[in-house]
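# Secondary and tertiary structure notes
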Amino acid sequence: MLAPSLHNYLPMPRIHLTTFIAAPQDVVFDLSRHIGLHKISQQAHGEEAIGGVTNGLIEENEHVTWKAKHLFKTRLLKIRITKMQKPVFFEDVMEQGDFKTFEHRHHFKAVQNGTIVIDELEFESPYGIIGRIFNKLYLTNYLKQLLQQRNKVIQEYAESKKWEALLNK
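Description of the structure in this document. Note that the coordinates shown come from a computational prediction; the quantities given were computed from them, not determined experimentally.

### Structural notes on the packing of aromatic side chains
- Counted under the stated rule, the structure contains seven aromatic pairs.
- Here the aromatic rings of Phe99 and Phe102 are separated by 5.0 Å at their centres, their planes lie at 45°, and the arrangement is tilted. The two residues Phe99 and Phe102 agree in class, both being buried.
- Centroid distance Tyr138 to Tyr142: 5.7 Å. Interplanar angle 25°. Geometry classified as stacked. Here Tyr138 and its partner Tyr142 are both found in helix H4 (residues 128-158), four residues apart, which amounts to about one turn of the helix.
- Positioned over the ring face of Tyr157 is Lys162, at 5.1 Å from the centre of the ring.

And the structure:
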């Protein structure tokens, strides 16, 4: 009898994160695609937009190239907004970067007292089984913490009047 494939034990990582934000859906949606606010949320990593849309709101079919220090190395990640349905959904997909694949779907559901944000992130590291082990032991949790930090900053801006300076609504 053959041993089960390691792919069964180490599937492509998926992160599912749900966040409640006590603010209107359109505000949360726009803050989630605001380049400047993303920079603020990742300032601990020196993240900056160096190509494509480098400030303001990113739209469908536009891209941004991020430069940041993660895991002891300066890295570049070019993502494109491949789908958008305002103000309920958008998807960004890696076009260039260190991942083999990277797809992030953002869902926004209006509820009586705010917005539920659902992040679905699927990614795959290179390097075969070594990459899969690294995902399981470290990278999945690291990326989840980055998403949580980002959502915390979105929440801080959305639930106060700070968002007005960014969105001019």
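### Quick notes on the environment of Lys69
- Relative to the elements of secondary structure, Lys69 occurs in strand S3 (residues 63-70).
- The class of Lys69 is partly exposed, set by a relative accessible area of 49%.
- Lys69 sits 72 residues away from Asn141 along the chain, and the two C-alpha atoms are 17 Å apart.
- Ignoring any residue separated from it by four or fewer positions in sequence, one finds Lys69 in contact with His45 and Thr74.

### What about the nonpolar core?
- Among the nonpolar cores identified, the biggest contains 38 residues, and Val28, Leu31, Phe99, Phe123 and Leu143 are the most heavily contacted of them.
- The element contributing the most residues to this core is H4, with nine residues.
- Residues in contact with Phe99, not counting those within four places in the same chain, are Leu77, Met94, Phe123, Glu124, Pro126, Leu139 and Leu143.

### Considerations on the pairing of strand S7 (residues 114-124)
- With eight of 11 residues buried, S7 is to be regarded as a mostly interior element.
- Where strand S1 (residues 14-21) and S7 come together, eight bridges link them in antiparallel fashion. The residue of S7 that forms the bridge with Ile15 is Leu121.
- Taken together, the 11 bridges between strand S6 (residues 101-111) and S7 define a ladder with antiparallel strand orientation. Paired with Val111 across the two strands is Gly114, which belongs to S7.
- Counted between consecutive antiparallel strands, the loop separating S6 from S7 contains two residues.

### With respect to the sheet that holds strand S5 (residues 89-96)
- The seven strands lie next to each other as S1-S7-S6-S5-S4-S3-S2, forming an open sheet whose pairing is antiparallel. The open sheet terminates on both sides in strands that have one partner only, identified here as S1 and strand S2 (48-52). In this sheet, neighbouring strand axes are inclined to one another by 25° on average, regardless of whether the strands run parallel or antiparallel.
- H4 rests against S1, S3, S6 and S7 of the sheet, and its axis sits at about 15° to S1.

### Regarding the side chain of Asp92
- Within the secondary structure layout, Asp92 lies in strand S5.
- Buried charge Asp92 goes without a salt bridge, the closest partner of opposite sign being Arg150 at 6.3 Å.
- Setting aside anything within four residues of it in sequence, one finds Asp92 in contact with Ile79, Arg80, Ile81, Phe102, Glu103, His104 and His106.

Cut-offs used in this document
Residues numbered from 1 in each chain as written. Predicted model: local features only at pLDDT ≥ 70, side-chain atom pairs only at ≥ 80, totals over all residues. Heavy atoms only, no water. Phe/Tyr/Trp six-rings, centres within 6.5 Å; stacked < 30°, edge-to-face > 60°. Buried < 20%, exposed > 50% of the residue type's maximum accessible area, 1.4 Å probe, protein only. Helix = DSSP H or I, 4+ residues; strand = E, 2+ residues; numbered from the N terminus. Lys NZ or Arg CZ within 6 Å of the ring centre and 35° of its normal. Contact = heavy atoms within 4.5 Å. Core = buried A, V, L, I, M, F, W, Y, C linked by side-chain atoms within 4.5 Å. Pairing = 2+ DSSP bridges. Axes fitted to C-alpha atoms, helices over the stretch in contact; angles between N-to-C directions. Lys, Arg positive; Asp, Glu negative; His and termini not counted. Salt bridge = Lys/Arg side-chain N within 4 Å of Asp/Glu carboxyl O.

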